[in-house]
Amino acid sequence: MSEKNSYMVFSGTATKYLAERICQSLGCPLGQLQITKFSDGEFAVSYEESIRGRDIFLVQSTFPNSDNLMELLLMIDAAKRASARTINAVIPYFGWARQDRKDKPRVSIGAKLVADLLSAAGVNRVITMDLHADQIQGFFDVPVDHLYASNVIIPYLESLNLDNLVIASPDVGGSKRANTYAKYFGCPLVLCNKTRARANVVATMQIIGEVEGKNVVIVDDMVDTAGTITKAADLMKEHGATTVRACASHCVMSGPASDRVQESALEEIVFTDSIPYTQRCAKVKQLSVADMFAEAIRRVIDNKSISDLYII
């Protein structure tokens with residue numbers, strides 16, 4: 001079996017657009033997979049070509065609804081039963097990652113549960129990007145290759161040639177990520193201290209640091225309803241910032257997010273294409289991570305290190 005024929009790439013329904021780009025970068029066809037849906041909402045997965053003895057890469061982000069996760073689990077199970085040599089789950093966006101600890105009594109740890117489900121289904125390796133918390137890698141008993149969106153975001157920010165640059169974190173929890181960007185660019189770091197009334201609702205926010213006359217870039221891992229990031233941008237503008245941009249790995253953008261971004265003080269908001277974005281918002285820009293995932297797949301196949309893929 002030639003090296004080119006030793007592996008195959010398949011995709012679930014929701015992430016087919018990205019899998020096609022990954023295959024284009026790899027120079028291989030997207031594998032033939034059929035998902036049959038029943039009238040009650042149940043569905044079944046079948047491979048339409050032999051995968052016996054092959055290294056299989058299954059591309060599927062597990063954003064809501066939960067059908068995306070269930071599709072991936074069925075794809076893994078079907079591959080195991082079809083005698084694939086190895087089963088590698090390529091999960092650009094790992095859903096349920098915000099449930100990474102018990103932050104109050106009597107709650108589930110969803111990220112650990114999903115990791116256990118993937119392992120029980122039969123996955124041999126996980127390739128993912130910008131987990132909500134790095135320690136989620138430890139929830140798995142199989143190797144995890146953790147990529148970073150900074151590989152595509154940093155070159156874009158460098159192309160803007162912004163002077164008087166300041167990197168900002170929309171909350172204290174994201175300060176480590178933002179500090180890494182600030183160190184790379186050799187610029188100051190600004191923090192936003194927020195309190196929440198409830199989930200997805202910001203009560204108050206204060207800026208810690210100087211933004212007057214600065215070009216501010218807010219860095220985060222995901223944007224859901226965009227309440228925090230737009231409130232931060234508006235507040236920074238009020239404090240004299242020249243421009244305010246935002247960049248985040250995952251474009252969740254649920255509910256009123258698009259309208260909030262459009263009406264905010266943000267110049268633009270930059271995401272990767274780990275999650276498809278179908279709404280219209282002139283301020284949203286997506287950068288593709290297909291080449292980065294394709295290179296990671298190549299290195300897994302060739303048993304090479306992926307650590308030098310990281311910019312930061």
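Residues numbered from 1 in each chain as written. Predicted model: local features only at pLDDT ≥ 70, side-chain atom pairs only at ≥ 80, totals over all residues. Heavy atoms only, no water.

(A) Representation of the sheet that holds strand 1 (residues 7-11) in the model. The five strands lie next to each other as 1-4-5-6-7, forming an open sheet whose pairing is parallel. Looking at strand neighbours, the two that pair on one side only are strand 1 and strand 7 (144-147), the edges of this open sheet. Averaged over all pairs of adjacent strands, the angle between their axes in this sheet comes to 15 degrees, without regard to strand direction. Here strand 4 (residues 55-59) runs beside strand 5 (residues 86-91); their pairing, made up of five bridges, is parallel. Bridging across to strand 5, Asp-55 finds its partner in Thr-86. Sitting on the sheet, helix 2 (residues 67-81) touches strand 1, strand 4 and strand 5, and the angle it makes with strand 5 is about 165 degrees. (Pairing = 2+ DSSP bridges. Helix = DSSP H or I, 4+ residues; strand = E, 2+ residues; numbered from the N terminus. Axes fitted to C-alpha atoms, helices over the stretch in contact; angles between N-to-C directions. Contact = heavy atoms within 4.5 Å.)

(B) Broad picture of the nonpolar core. Core analysis: the biggest nonpolar cluster contains 42 residues, and Ile-22, Phe-57, Ile-127, Ile-167 and Phe-293 have the highest contact counts within it. In terms of residue count, helix 8 (residues 290-301) provides more of this core than any other element does, eight residues in total. Contacts of Ile-22, omitting those with residues within four sequence positions, involve Val-59, Ala-290, Phe-293, Ala-294 and Ile-297. One finds Met-75, Val-126, Phe-139 and Val-144 within the second-largest nonpolar core, a separate group that totals 35 residues. (Core = buried A, V, L, I, M, F, W, Y, C linked by side-chain atoms within 4.5 Å. Buried < 20%, exposed > 50% of the residue type's maximum accessible area, 1.4 Å probe, protein only.)

(C) Molecular detail of the state of the cysteines. Across all of its chains, the model carries zero disulfides by this definition. Cys-187 forms no disulfide, and the closest cysteine sulfur to it belongs to Cys-247, at a distance of 11 Å. Cys-187 sits in the buried class, given a relative accessible area of 15%. Cys-247 supplies the cysteine sulfur nearest to Cys-192, a cysteine that is in no disulfide, at a spacing of 14 Å. (Disulfide = S-S within 2.5 Å.)

(D) How the structure looks around the pairing of strand 1. Burial of strand 1 is extensive: five of the five residues sit out of reach of the surface. On strand 1, burial covers both faces: Tyr-7, Val-9 and Ser-11 on one face and Met-8 and Phe-10 on the other are all buried. Taken together, the five bridges between strand 1 and strand 4 define a ladder with parallel strand orientation. By the bridge assignment for strand 4, Met-8 is matched with Ile-56.

(E) Fine view of helix 8. Between its terminal C-alpha atoms helix 8 stretches 17 Å, which fits the 16 Å expected from twelve residues at 1.5 Å a residue. Taken across its twelve residues, helix 8 has nine buried, putting it largely inside the fold. The set of residues buried in helix 8 consists of Ala-290, Met-292, Phe-293, Ala-294, Ala-296, Ile-297, Arg-299, Val-300 and Ile-301. Of the residues one or two after helix 8, Asn-303 is the one with positive phi, at around 55 degrees. (Expected span 1.5 Å × (residues − 1).)

So yeah, pure geometry; function would need other evidence.
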